Amino acid sequence: MVGLPARGKSYLSNKLRRYLLWLEYDVKVFNVGQLRRSTYKKKAEQSGVKGDQSANFFDHNNKAAQREREHMASECLESLIAWLKAGGNVGIHDATNSTRARRQALVDRIKREPNLRLIFIESVCTDPALIAANIAVKVRSGDPDYDGMPPEQAEKDFRARISHYEKSYESLDEELDRDVTYCRMVNVGQQVTVNRIDGYLQSRIAFYLMNLHLAPRSIYFTRHGESQYNVEGKIGGDAPLSTQGEKYMEGLPNLVKEIIGDVPLTVWTSTLRRTIQTASKLDYEKLTWKSLDELDAGVCDGMTYEEIAVNYPEDYAARDDDKFNYRYRGGESYRDVVIRLEPVILELERQQNILVVCHQAVLRCLYAYFHNLSQDELPYIKIPLHTIIKLTPRAYGCDEVRFALPIEAVDTTRPRQTPSRVDQLKVRERDEGVSPSTSRPVSAMGGARVA
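These lines cover the structure that appears in this document, whether it is placed above or below. For clarity, every value in this text was computed on a predicted model and none was experimentally measured. (Residues numbered from 1 in each chain as written. Predicted model: local features only at pLDDT ≥ 70, side-chain atom pairs only at ≥ 80, totals over all residues. Heavy atoms only, no water.)

### Description of the sheet that holds strand β6 (residues 191–195)
Across the sheet, three strands lie side by side as β4-β5-β6; this open sheet has mixed pairing. Sheet topology places β4 (120–124) and β6 at the edges, where each strand pairs with a single neighbour. Taken pair by pair, the neighbouring strands of this sheet meet at an average axis angle of 10 degrees, ignoring direction. Two strands pair when backbone bridges link them, and strand β5 (residues 182–186) and β6 are joined in this way by five bridges, in the antiparallel orientation. Paired with Cys183 across the bridge in β6 is Val194. (Pairing = 2+ DSSP bridges. Helix = DSSP H or I, 4+ residues; strand = E, 2+ residues; numbered from the N terminus. Axes fitted to C-alpha atoms, helices over the stretch in contact; angles between N-to-C directions.)

Right, dumping it as structure tokens:
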């Protein structure tokens with residue numbers, strides 16, 4: 001990362017980490033500020049003397065402090081390189097890296113590692129209001145640098161720190177840095193300049209960053225109203241809404257209006273009729289996405305779980321054993337759904353207020369992305385019927401509020417199954433001569449790793 005303090009470097013680091021983790025890369029952020037704080041904390045515990053980490057520590061005229069900062073930045077980089085060489089895919093060096101000399105030192109160090117590639121991501125902010133908001137978050141959010149300090153004093157010190165960095169800061173330049181791989185962002189997405197981007201992963205990173213913005217917005221998720229298949233306990237299919245589902249369809253417009261007021265909104269649905277039917281009364285622009293269709297259950301489409309246990313007992317047990325990776329015969333796994341949802345994620349990052357009306361498995365995948373949940377957690381996220389989930393992106397995550405209409409519906413959440421329960425549901429054994437279908441990645445990355 002490259003940029004002055006309070007310009008959104010850590011915000012971008014965490015957004016990029018979340019996106020790449022969701023795509024199953026092994027990603028880790030190495031934050032020099034955190035290393036500095038932990039180092040000084042240990043020194044204070046050993047000596048009983050608290051070191052100076054005020055703005056004076058960041059004064060470029062303070063040569064002793066500058067040597068310490070350079071040492072810690074290098075130590076953080078060496079930890080990142082060691083982690084990549086041990087099997088990691090993407091390491092993010094979250095630091096100012098504010099001078100051309102410092103960045104050249106990074107280039108020279110990475111050149112000594114034949115399997116590593118380097119991309120600089122610079123965050124430039126020219127909006128005074130945005131900078132002020134970032135400073136306020138820093139000094140009022142319990143940052144360890146200002147623990148116990150009055151907010152006014154903390155802000156004064158932090159602004160002094162920024163002033164010290166500004167005196168020596170050298171931005172990436174199209175001419176001077178023409179041989180360097182970089183992505184330079186102004187006001188997070190307002191303007192993006194890329195240079196010497198090469199290969200699949202660097203292209204994915206640059207394209208993702210191009211779709212980000214900081215405009216206030218919320219994303220709304222809701223499942224279709226209860227369907228006839230939900231009532232019958234069947235999975236998949238293209239069933240119409242049940243009587244209760246039609247009630248949700250009728251009540252949804254008023255609920256949406258109560259939640260968002262007169263804010264512009266676009267509604268996305270899948271191509272299946274239960275989502276289109278659910279959204280039919282909403283008076284907003286609508287877009288239909290094939291990518292939002294429910295997880296394909298293959299040969300099990302239209303069956304109940306009890307029928308699957310009888311007809312495909314090995315598959316039934318395999319899915320309970322590894323629900324994220326299990327792929328229905330002739331159908332999909334949760335992993336497959338995550339892959340096909342990447343264009344949806346990029347568009348959600350680019351857009352303003354969106355209401356997504358789709359299906360349980362698909363919403364679990366989208367919800368897991370915004371809340372940075374693991375593959376193990378994802379297939380068991382509770383997404384109830386007849387409920388709107390409002391997610392509001394913040395600097396380090398999402399705020400969430402749920403709004404439920406008092407319309408009864410079946411509970412389609414299927415909890416983790418214990419081995420004894422699986423055995424009980426294996427009513428009849430049948431040898432199909434086919435192994436339960438699973439899909440696991442050969443490698444999340446392959447080829448060169450990225451620092």
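So that's the structure; there's more coming.
### A look at empty space enclosed by the protein
Remark: the empty space left among the atoms is shown by a probe the size of a water molecule rolled over them. Under the criterion given, the structure shown has three cavities of 30 Å³ or more. Here the second largest cavity is characterised by a volume of approximately 60 Å³. Considering the residues around the second largest cavity, the lining is formed by Tyr305, Ile308, Asp315, Tyr316, Arg319, Asp320, Tyr326, Tyr328 and Arg414. No other element matches helix α12 (residues 313–321), which puts four residues into the lining of the second largest cavity. Considered class by class, the residues forming the lining of the second largest cavity number five nonpolar, no polar and four charged. (1 Å grid on protein atoms, 1.4 Å probe; cavity = no way out; pocket = protein on both sides within 12 Å on 5 of 7 lines; lining within 4 Å. Points joined across faces, edges and corners; volume = space filled by probe spheres on them. Nonpolar A, V, L, I, M, F, W, Y, C, P; charged D, E, K, R; others polar.)

### Observations concerning helix α1 (residues 9–22)
In this model, α1 (14 residues) spans 20 Å end to end at C-alpha, consistent with the 20 Å of a helix rising 1.5 Å per residue. Counting buried residues along α1, ten of its 14 residues qualify, which places the element largely inside the surrounding structure. Buried within α1 are the following residues: Lys9, Tyr11, Leu12, Ser13, Lys15, Leu16, Arg18, Tyr19, Leu20 and Trp22. Glu24 lies just past α1 and shows a positive phi near 80 degrees. (Expected span 1.5 Å × (residues − 1). Buried < 20%, exposed > 50% of the residue type's maximum accessible area, 1.4 Å probe, protein only.)

### What about the packing of aromatic side chains?
Scanning all chains against the criterion turns up eleven aromatic pairs. Taking 5.4 Å as the distance between ring centres and 80 degrees as the angle between the ring planes, the aromatic pair formed by Tyr326 and Tyr328 counts as edge-to-face. Across the pair, Tyr328 and Tyr326 agree in class, each one buried. An aromatic cluster is defined as three or more aromatic residues linked by ring pairs; in this entry it consists of Trp22, Phe221, Tyr369 and Phe370. Over the ring of Tyr369 we find Arg18; its NZ or CZ atom is 4.5 Å from the centre of that ring. (Phe/Tyr/Trp six-rings, centres within 6.5 Å; stacked < 30°, edge-to-face > 60°. Lys NZ or Arg CZ within 6 Å of the ring centre and 35° of its normal.)

### Describing the sheet that holds strand β12 (residues 397–404)
Strand order in the open sheet formed by six strands is β9-β8-β10-β7-β11-β12, and the pairing between neighbours is mixed. The sheet is open, and its two edges are formed by β9 (285–288) and β12, each paired on a single side. When the angles between neighbouring strand axes are averaged without regard to direction, this sheet yields 20 degrees. As paired strands, strand β8 (residues 266–269) and β9 are joined by four bridges and run parallel to one another. Across the sheet, the residue bridging to Thr269 is Thr288, located in β9. The strands touched by helix α14 (residues 342–350) are β7 (219–223), β8 and β10 (354–358); relative to β8, the strand with the most contacts, the crossing angle is about 175 degrees. Packed onto the sheet, helix α15 (residues 360–371) meets β7, β10, β11 (387–394) and β12 and runs at close to 155 degrees relative to β7. (Contact = heavy atoms within 4.5 Å.)

### A closer look at the side chain of Arg319
If you trace the backbone, Arg319 turns up in helix α12. Although Arg319 is buried, it forms no salt bridge, and the closest oppositely charged side chain is Asp320 at an N-O distance of 6.0 Å. Those residues in contact with Arg319 that lie beyond four places of it in its chain are Tyr305, Tyr326, Tyr328 and Tyr334. (Lys, Arg positive; Asp, Glu negative; His and termini not counted. Salt bridge = Lys/Arg side-chain N within 4 Å of Asp/Glu carboxyl O.)

### Thoughts on the nonpolar core
One finds Leu292, Val356 and Leu366 to be the most contacted residues of the largest nonpolar core, which totals 67 residues. The leading source of residues in this core is α15, at nine residues. If sequence neighbours within four positions are ignored, Val356 has contacts with Tyr220, Phe221, Thr222, Trp268, Leu292, Leu348, Leu363 and Leu366. Ranked by size, the runner-up nonpolar core spans 28 residues in total, among them Val2, Leu4, Trp83 and Val180. (Core = buried A, V, L, I, M, F, W, Y, C linked by side-chain atoms within 4.5 Å.)

### Focus: the layout of surface pockets
Approximately 500 Å³ is the volume attributed to the second largest pocket. Along its surface, the second largest pocket is lined by 27 residues, and Lys234, Ile235, Tyr305, Gln360 and Thr412 are the ones closest to its centre. Among the secondary structure elements, those contributing two or more residues to the lining of the second largest pocket are α8 (228–232) and α15. Tallying contributions element by element places α15 first for the lining of the second largest pocket, with three residues. For the lining of the second largest pocket, a count of residues per class yields nine nonpolar, nine polar and nine charged.

### Considering the pattern of salt bridges
In this structure the tally under the stated criterion is 34 salt bridges. Taking the shortest distance from any N to any O, the salt bridge between Asp145 and Arg36 comes out at 2.9 Å. Taken together, the residues span a long stretch of sequence, with Asp145 in the loop between α5 (128–140) and α6 (151–168) and Arg36 in helix α2 (residues 32–47) at a distance of 109 residues. Given a relative accessible area of 6%, Arg36 falls into the buried group. The salt bridge involving Glu332 is made with Arg340; its shortest N-O contact spans 2.9 Å. Classification of Glu332 by relative accessible area gives buried; the value is 15%. In the salt-bridge network here, residues are joined through shared partners; they are Lys15, Arg18, Arg217 and Glu349.

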